[in-house]
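Architecture and fold: a report
Here is what each chain is made of, one letter per residue.
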Amino acid sequence: NMAQVMGRSSRDPYVQRLAMASWYNYGRYASDFMYFPYMDMAAVEDNMRDLTEGGTWSKFLDQGLQQGKGVVIATAHFGNWDLAGALVGQHYPLSGVTETFSDPRLNDLLQSQRRDKGLSVIPLESSARRILRVLQKNELVALVADRPLSAQEGVPITFFGRTTYVPGGPAMMAVMSGASIVPGYVWYGHHHEFYVRCFDPISPRPYKGSAEREKEVARLTQYIYDAQAVMIREWPSQWYMFRPFWPASQTI
């Protein structure tokens, strides 16, 4: 994956260092998640730099909410997405779509930690109707969107110059509800800082028929991954993707 991002061979020493740094940063995220109940969010915000272009991160969420149809926040396995949810949850009603852990006790523990930070948890397995209900109330739903799929299951996008296939769920929820999409990220900066950045909201266009709907889902999905590519290009070691993201025939 790092070879694709950097446009180099997977045997390139720089690519290998980035891959190891990604693994290190993922360990940092996992460690912070264990410490999550004890995090002082006011202190975290005081030590957070907003790198959103053209304003503050909340400005773009407010713009999306002005449509009155809710906002889908699309993020990735990048930086610290749970901290991103906690940050937004301090200021807005927020629901997060999360995977369910196989061990019930572990799942109860980890999901309760998220709830304690202001996040309403929507299990991935039963998400669609609940997401639409939240959006109908003009509230926010956050999804971690980057998961590779097969060509038969996924929406084709161009990502770092190559075609791959990803879930169209975030875009489909926006199309069905009329909600705006705002890509957003929180990640580790220098000197124990956290950084935050949101991208401009994008809204679905009117469509007629299933063919136009599929094109609209593809357009919105591409926008999500264009924003993600900006983040990964600038901070590649903050992206935690430990499965092949591009079809094997296209790898470097």
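Since the structure is predicted, the reported quantities are computational estimates derived from the model, not experimental observations.

Conventions adopted
- Residues numbered from 1 in each chain as written.
- Predicted model: local features only at pLDDT ≥ 70, side-chain atom pairs only at ≥ 80, totals over all residues.
- Heavy atoms only, no water.
- Axes fitted to C-alpha atoms, helices over the stretch in contact; angles between N-to-C directions.
- Helix = DSSP H or I, 4+ residues; strand = E, 2+ residues; numbered from the N terminus.
- Parallel < 35°, antiparallel > 145°, perpendicular 65-115°, else oblique.
- Contact = heavy atoms within 4.5 Å.
- Nonpolar A, V, L, I, M, F, W, Y, C, P; charged D, E, K, R; others polar.
- Buried < 20%, exposed > 50% of the residue type's maximum accessible area, 1.4 Å probe, protein only.
- Pairing = 2+ DSSP bridges.

Moving on to the packing of helix α2 (residues 13-34) against helix α6 (residues 104-116). Contact geometry of α2 with α6 gives a least axis separation of 11 Å together with a crossing angle of 80°. Between α2 and α6, the angle is such that the two are roughly perpendicular. Here α2 contributes Tyr29, Phe33 and Met34 to the contact with α6, which in turn contributes Leu110, Gln113 and Arg114. When the residues that make up the contact of α2 with α6 are grouped by side-chain class, the tally is four nonpolar, one polar and one charged.

Every regular strand shows the same layout, with side chains that alternate between the two sheet faces. Across the five residues that make up strand β5 (residues 140-144), a large majority, four, are buried. Where strand β2 (residues 71-75) lies against β5, five bridges are found, and the strand directions are parallel. Each bridged residue has a counterpart across the sheet, and for isoleucine 73 the counterpart in β5 is alanine 142. Taken together, the three bridges between strand β3 (residues 94-98) and β5 define a ladder with parallel strand orientation. The residue of β5 that forms the bridge with leucine 94 is leucine 140.

Spatially, seven strands are ordered β1-β9-β8-β2-β5-β3-β4 in an open sheet, and the strand pairing comes out mixed. Strands with a single pairing partner mark the edges of an open sheet, and in this sheet they are β1 (48-50) and β4 (119-123). Taking the axes of each pair of neighbouring strands and ignoring which way they run, one obtains an average angle of 25° across the sheet. Against the sheet, helix α4 (residues 57-65) touches β1, β2, β5, β8 (180-188) and β9 (194-198), its axis set at about 140° to β2. Relative to the sheet, α6 contacts β3 and β4, its axis offset from that of β4 by approximately 140°.

Here we come to the pairing of β2. Burial within β2 is extensive, with five of its five residues counted as buried. Neither face of β2 is exposed, since Val71, Ile73 and Thr75 on one face and Val72 and Ala74 on the opposite face are all buried. Bridge count between β2 and β8: four bridges; the pairing is parallel. Across the sheet, the residue bridging to alanine 74 is proline 183, located in β8.

Distances and angles like these do not, on their own, reveal function.
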